[in-house]
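# An overview of the molecular structure
So the chains spell out like this:
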Amino acid sequence: EDSQREVYTIMLGKDEAEWILSQPMNNPVAIAFRLRQIVANVGMSNSNESSFFVPHSAMETCINDLDAVTGGLERLMGSPIPPTYSRHLSRIMVMYLANLPLALVASGTPSLGAMVA
């Protein structure tokens, strides 16, 4: 928590860091929300310039992409690992690690194979 606060303070400044950390939503969503606010405020201040529309829509598209990726990652992190996958992975890792010393000796590096064995 303290290291996260320190990184946010260095990257964003004290006020922005406190705002992000005080939000009830998770931090990536709060950051995307704040980016949308900043882009909207800049758009409002430049409302008389029609040339701002293209960069504004490009920034909105990037923020939407960031939001979509964040949602996908949250779904992945919230999904449990299936037991069958976990069993197969552990068996494959045991087979791989059991055969690794043999493969190292066969490859011509016996000192490394002896260290691993």
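Right, let's walk through the structure included here.

Conventions used here
Residues numbered from 1 in each chain as written. Predicted model: local features only at pLDDT ≥ 70, side-chain atom pairs only at ≥ 80, totals over all residues. Heavy atoms only, no water. Helix = DSSP H or I, 4+ residues; strand = E, 2+ residues; numbered from the N terminus. Buried < 20%, exposed > 50% of the residue type's maximum accessible area, 1.4 Å probe, protein only. Contact = heavy atoms within 4.5 Å. Areas by Shrake-Rupley, 256 points an atom, 1.4 Å probe, with all protein chains shown as cover. Axes fitted to C-alpha atoms, helices over the stretch in contact; angles between N-to-C directions. Parallel < 35°, antiparallel > 145°, perpendicular 65-115°, else oblique. Left-handed = near helix turned anticlockwise from the far one by under 90°. Nonpolar A, V, L, I, M, F, W, Y, C, P; charged D, E, K, R; others polar.

## Remarks on the overall build of the chain
Across its full length, the chain holds six helices and zero strands. Counting from the amino terminus, the chain carries its helices and strands in the arrangement α-α-α-α-α-α. The burial tally for the chain puts 15% of its 117 residues in the buried class. Across the chain, every contact between residues at least 6 apart in sequence was considered, and the portion connecting residues at least 24 apart equals 24%. Approximately 8,900 Å² of the chain is accessible, and the part contributed by carbon and sulfur atoms is 67%.

## Considerations on the packing of helix α2 (residues 14-22) against helix α3 (residues 27-45)
Look at α2 against α3: their axes get within 9 Å of each other, and the N-to-C directions meet at 130°. Accordingly, the angle class assigned to the pair α2 and α3 is oblique. Handedness of the crossing formed by α2 with α3: right-handed. Across the interface between the two elements, E16, W19, I20 and L21 of α2 pack against N27, A30, I31, F33, R34 and Q37 of α3. Considering only residue class, the contact of α2 with α3 consists of six nonpolar, two polar and two charged.

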